[in-house]
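Fold and geometry: a report
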Amino acid sequence: MLRPALFARLNEGEADIGAKRDFASLLDDLFVASDKDEAGGETGARPSIPFDYLSVADELHSGRIKVSGETFAAEYREAGADLAAEFAALLDQAKQALAGEEAKPEEKLPPIDPDAIAVELGLDHPVKNADLGRMRRSFAFANHPDRVAPHLRQRAMIRMQVANMLIDEAKRRALAGARR
């Protein structure tokens, strides 16, 4: 909320807010004016690092920033180097977290077994790399923790983690197969 003195300052400077000033400099001036009003004097200073958000967005969307396929593949391989250990730890945590969970007699709990989730995703047969994103979205639509009953949220979170790890591994295999 703008204080009355700050609002009056803004109205006085309305002629200055034309096309010559960008939004970031206007915010900087408002912060400085706010500091002056609070302390009753000149205590605030303009931020020392100017930052133009629009020029950064333009640069990112311009296509001038390129990342080589090899760099990307190396980063992706490095990130998934210890996937098996992560996966085993995740399953152990899931089993511990769900140990006390009991199904209602008429309710069948969705499986957390990686093989069952792989079949549910459709990863039990060869899949194109382009289909993996669609598989991830459709699985998330049906199984996201925000979309299930409250008593199934912990299980849904684990299922989503397992599904994401399976899909990431399938992407790595597809990427490795494409490079051969």
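This structure is a prediction, so every number in the text was calculated from the model and none was measured. Numbering of residues starts from 1 in every chain and runs along the sequence as written. Note on the predicted model: pLDDT of at least 70 is required for a residue's local features to be given, and 80 or more for side-chain atom pairs to be given and counted; whole-chain, interface and lining totals, by contrast, use all residues. Side-chain measures were taken over the full set of non-hydrogen atoms in the model, leaving aside hydrogen atoms and water.

1. A word on the overall build of the protein chain
What the protein chain contains, in helices and strands, is eight helices and zero strands. Walking the protein chain from its N terminus toward its C terminus, one meets helices and strands in the order α-α-α-α-α-α-α-α. Scored against the burial criterion, the 180 residues of the protein chain give a buried share of 27%. Considering only contacts in the protein chain between residues 6 or more positions apart, those separated by 24 or more positions represent 60%. As presented, the protein chain carries roughly 13000 Å² of accessible surface, and 57% of it is formed by carbon and sulfur atoms. The numbering of helices and of strands both runs from the N terminus, where a helix is a DSSP run of H or I of at least 4 residues and a strand a run of E of at least 2. Burial classes: relative accessible area under 20% of the type maximum marks a residue as buried, over 50% as exposed, and values in between as partly exposed (1.4 Å probe, protein chains only). Contacts are assigned to residue pairs that have any heavy atoms within 4.5 Å of one another. A 1.4 Å probe and the Shrake-Rupley method give the accessible areas. Residues count as covered only by the protein chains that appear here.

2. Regarding a nonpolar patch on the surface
Together, F23, L27 and F31 give the surface a local cluster of nonpolar side chains, amounting to about 340 Å² of exposed area. With respect to the element layout, F23 can be found in helix α2 (residues 23-39). A relative accessible area of 60% places F23 in the exposed class. Patch definition: residues with relative accessible area over 30% and no salt bridge; like charges joined within 9 Å; nonpolar side chains (Val, Leu, Ile, Met, Phe, Trp, Tyr) joined within 5 Å. For salt bridges, the criterion is a side-chain nitrogen of Lys or Arg within 4 Å of an Asp or Glu carboxyl oxygen.

3. Some points on the confidence of the model for the protein chain
When pLDDT drops low, the exact placement of atoms in the prediction is not to be read closely. Looking at the protein chain as a whole, its pLDDT mean stands at 76, while 74% of the residues score no less than 70. The pLDDT value expresses, per residue, how confident the predictor is, ranging between 0 and 100. Within the protein chain, the lowest mean pLDDT, 53, falls on helix α1 (residues 4-12), and the highest, 92, falls on helix α6 (residues 114-121). Segment residues 14-19 is flagged for pLDDT under 50; beyond a separation of four residues in sequence, or across chains, it makes three contacts in the model.

4. Let's talk about the packing of helix α4 (residues 69-79) against helix α8 (residues 153-179)
In helix packing, the relevant descriptors are the interaxial angle and the interaxial distance, both defined with respect to the helix axes. For every element, the axis is a line fit to its C-alpha atoms; helices are fit only across the contacting stretch, and the angle between N-to-C directions ranges from 0 to 180 degrees. One can describe the packing of α4 onto α8 by two numbers: an axis separation of 11 Å at closest approach and a directional angle of 140°. In terms of orientation, α4 lies oblique with respect to α8. Between α4 and α8 the crossing geometry is left-handed. Touching A73, Y76, R77 and A79 of α4 are D168, K171, R172, L175 and R179, all from α8. Residues are sorted three ways: Asp, Glu, Lys and Arg are charged, Ala, Val, Leu, Ile, Met, Phe, Trp, Tyr, Cys and Pro are nonpolar, and all the rest, Gly among them, are polar. Tallied by class, the residues present in the contact of α4 with α8 amount to four nonpolar, no polar and five charged. Put simply, angles under 35 degrees are roughly parallel, angles over 145 are roughly antiparallel, angles from 65 to 115 are roughly perpendicular, and the rest are oblique. If you view the pair so one helix is near and one far, a crossing is left-handed when the near helix is turned anticlockwise from the far one by less than a right angle, and right-handed when it is turned clockwise.

5. Structural notes on the pattern of salt bridges
Evaluation of the coordinates by the stated rule reveals four salt bridges. Salt-bridge contacts for R136 lead to D168; the nearest nitrogen and oxygen are separated by 2.9 Å. Taken together, the residues span a long stretch of sequence, with R136 in helix α7 (residues 129-143) and D168 in helix α8 at a distance of 32 residues. One salt bridge in this structure joins E169 and R173, with 3.9 Å as the shortest N-O distance. Taken together, the residues E169 and R173, both in helix α8 and four residues apart, mark about one turn of the helix.

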